[in-house]
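# Residue-level structural notes
Residues per chain are reported as follows:
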Amino acid sequence: MTAMVLERPREPLRQVQVPVPAPGPTHLLIKVRACGVCRTDLHIVDGELTEPKLPLIPGHEIVGTVAEAGAQTRGFAVGDRVGVPWLGHTDGTCRYCRRGQENLCDNPLFTGYTVDGGYAEYTVADHRFCFHMPEDRPHADQAPLLCAGLIGYRTYRMAGPHVEHLGIYGFGAAAHIVAQIAVHEEKKVYAFTRPGDTGAQAFARRLGAVWAGDSGETPPQRLDAALIFAPVGALIPAALEASDKGAAIVSGGIHMSDIPSFPYRLLWEERVLRSVANLTRADGEQLLALAPQVPVRAAVHTMPLAEANEALAKLRDGHVEGALVLAMPGDPQHP
Ligand SMILES: [Zn+2]
Ligand SMILES: [Zn+2]
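Residues numbered from 1 in each chain as written. Chains lettered and ligands numbered in written order. Predicted model: local features only at pLDDT ≥ 70, side-chain atom pairs only at ≥ 80, totals over all residues. Heavy atoms only, no water.

### Details of helix α9 (residues 308-317)
Threshold: For each residue, the accessible area found with a 1.4 Å probe, counting protein chains only, is set against the maximum for its type, and the residue is called buried under 20%, exposed over 50%, and partly exposed in between. Comment: elements are numbered from the N terminus, with helices defined as DSSP H or I runs of at least four residues and strands as E runs of at least two. By arc we mean the arc of the directions from the helix axis to the C-beta atoms, nothing more. Any pair of residues with heavy atoms lying within 4.5 Å of one another is described as a contacting pair.
Within α9, burial applies to A308, A311, L312 and L315. Considered in projection along α9, the buried side chains sweep an arc of 100° and stay on one side of the axis. Those residues of α9 that are buried lie in contact with β1 (2-5), β3 (27-37), α1 (39-45), β16 (300-304) and β17 (323-327). Count one or two residues on from α9 and you reach G318, which has phi positive near 80°.

### As for the coordination of the zinc ion (ligand 2)
Formally: Donors, by definition, are the N, O and S atoms found within 2.8 Å of a metal, the threshold being 3.2 Å for Na, K and Ca, and water is not counted, so a site can look incomplete.
Distances from the zinc ion (ligand 2) to its protein donors, C38 (SG), H60 (NE2) and C147 (SG), fall within 2.0 to 2.2 Å. Site description for the zinc ion (ligand 2): donor spacing in sequence, C-x21-H-x86-C. Here C38 is found in the loop between β3 and α1, whereas its partner H60 is found in the loop between α1 and β4 (62-69), with 22 residues between them in sequence. Residue H60 is classed as buried on the basis of its relative accessible area, which comes to 1%.

### Digging into the sheet that holds strand β15 (residues 272-275)
Heads up, the condition is: The rule for pairing is simple: two strands pair if DSSP sees at least two bridges between them. Here the axes come from fitting lines to C-alpha atoms, over the contacting stretch only for helices, and the angles between their N-to-C directions go from 0 to 180 degrees.
The strand order β12-β11-β10-β13-β14-β15 describes an open sheet built from six strands, whose pairing is parallel. Looking along the sheet, the strands with just one partner apiece sit at the ends: β12 (211-214) and β15. Between one strand and the next, the sheet's axes are offset by a mean angle of 20°, whatever the strand orientation. Each of β10 (165-169), β13 (223-228), β14 (243-251) and β15 is contacted by helix α4 (residues 148-158), which is oriented at about 155° to β14, the strand it contacts most. On top of the sheet, helix α6 (residues 198-206) reaches β11 (188-193) and β12; it is set at about 165° to β12, its chief contact.

### Observations concerning the nonpolar core
For clarity, the threshold we go by: Among buried residues, those of type Ala, Val, Leu, Ile, Met, Phe, Trp, Tyr and Cys that are joined through side-chain atoms within 4.5 Å constitute a nonpolar core.
Y119, I168, I181, L227 and L326 are the most contacted members of the largest nonpolar core, which has 89 residues in total. No other element matches the seven residues that helix α5 (residues 173-184) contributes to this core. Non-local contacts of I181, meaning those with residues more than four positions away in its chain, are made with Y153, Y156, L287, L290, V294 and V296. Ranked by size, the runner-up nonpolar core spans 16 residues in total, among them F192, W211, L235 and A242.

### Points about the environment of P231
By the element assignment, P231 lies in the loop between β13 and α7 (235-241). Given a relative accessible area of 22%, P231 falls into the partly exposed group. Here P231 is in contact with R39, H43, H255, M256 and S257, once residues within four sequence places are set aside.

### As for the coordination of the zinc ion (ligand 1)
Here the zinc ion (ligand 1) is held by the protein donor atoms D91 (OD), C94 (SG), C97 (SG) and C105 (SG), which lie 2.0 to 2.3 Å from it. One chain supplies every donor to the zinc ion (ligand 1), and in sequence these donors are spaced D-x2-C-x2-C-x7-C. On the basis of relative accessibility, which here comes to 25%, the residue D91 falls in the partly exposed class.

### With respect to the side chain of T73
Our working rule: Pairs of N or O atoms within 3.5 Å make up the polar contacts considered here, provided that, within protein, one atom can donate a hydrogen while the other can accept it, and that residues adjacent in sequence are counted only when both atoms are side-chain atoms.
With respect to the secondary-structure elements, T73 resides in the loop between β4 and β5 (81-84). Judged by relative accessible area, which is 10%, T73 ranks as buried. Within the structure, T73 has its side chain in polar contact with the backbone oxygen of G70 (distance 2.8 Å). Those residues within four positions of T73 in sequence are excluded, and the remaining contacts are P25, T26, H27, L28 and H127.

### Remarks on the pattern of salt bridges
Note the cut-off: When a carboxyl oxygen of Asp or Glu lies within 4 Å of a side-chain nitrogen of Lys or Arg, that pair is called a salt bridge.
Per the counting criterion, the structure on display carries 14 salt bridges. Ionic contacts of the salt-bridge type, sharing partners, join the residues R154, R157 and D283 into one network.

### Here we look at the packing of aromatic side chains
Test applied: The criterion for an aromatic pair is that two Phe, Tyr or Trp rings (for Trp, the six-membered ring) have centres within 6.5 Å, with stacked assigned to planes under 30 degrees apart, edge-to-face to planes over 60 apart and tilted to the rest. Should the NZ of a Lys or the CZ of an Arg lie within 6 Å of a ring centre and within 35 degrees of the ring normal, that charge is described as sitting over the ring.
Considering all chains together, one arrives at six aromatic pairs under this definition. Ring geometry for Y264 versus W268: centroids 6.2 Å apart, planes at 45°, classification tilted. Residue Y264 is classed as exposed on the basis of its relative accessible area, which comes to 58%. The rings of W86, F110 and Y113 are connected pair by pair, giving a single aromatic cluster. One Lys or Arg, R95, reaches over the ring of Y96 and ends 5.5 Å from the middle of that ring.

### Things to note about the pairing of β3
On any regular strand, side chains alternate: one points to one face of the sheet, the next to the other face. Burial analysis of β3 places ten of its eleven residues in the buried class, which makes it a mostly covered element. Where β3 meets strand β8 (residues 122-126), five bridges bridge the pair, whose relative direction is antiparallel. Bridging across to β8, L28 finds its partner in A125. Direction of pairing for β3 relative to β4: antiparallel, over a ladder of seven bridges. Bridging across to β4, V32 finds its partner in G64. By the bridge criterion, four bridges tie β3 to β17 in an arrangement that is antiparallel.

Right under this line is the structure:
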């Protein structure tokens, strides 16, 4: 099969021919139809996440069909449509798993980071961490739900229950999905982009944001919560400055530049600063149930698998409206 492979960080992926992987007893062999390109992939390729399996097939927003099911799998049949997210495996026994925080598992595997992912024609995945996907949407349109949507949704929920005015910093793949959910739940969304990015600001307004502006601007209303999706540490004090008493500032990314020091008065009055790590399977079940009700419509730009390096470069430059997805050769929906 054709795969795009990371051999060493900070080098381009190489297009190579490798054997189709053999599924273990608990694995599904999946014919990949579409795989999203996530900022985390960029952090891996750029060497900012330092523990990848090498060589590595990146990609953790996988939508495909079951080609073969291992002998111990349950609930999946050949031909079923499945989604594979970032969380690829947990031990199920550590103290975090036992208390319902499998996203913090001590012995996890992550798709497209510590196990091979979806920048390839086939992949294998532990069936216990795969999701059934509805058949009524194109594969590529569903791919961004599996990380941008999922982590974005977890980040959004961590903002707490009392949010009327919601700030979103960094209006990329995660933000554009979360904004649709927030508007559906009658929140007022304030979108913050890199200074001067009027295209992203217009995009946010089209998705229902009541205000959109530069990340350094003061919004017309103090924020009850802010979600930070851009990997820029300086946005933390900026969001605190724009926030109201009791606000939560939630960072959804896996990597961020250093946070500048800031005066305690910005955190005072019970403001909360927290990060979100990974996902639980329950997050996935909840989001996939909610998405059709909104309905979430990802803005997707597809590129061929062979252009994975170009897709990563586009993401690095920040010139993407919505989400980038690699469409696989032979996908009948994206020939
Ligand atoms: Zn565990
Ligand atoms: Zn991701």
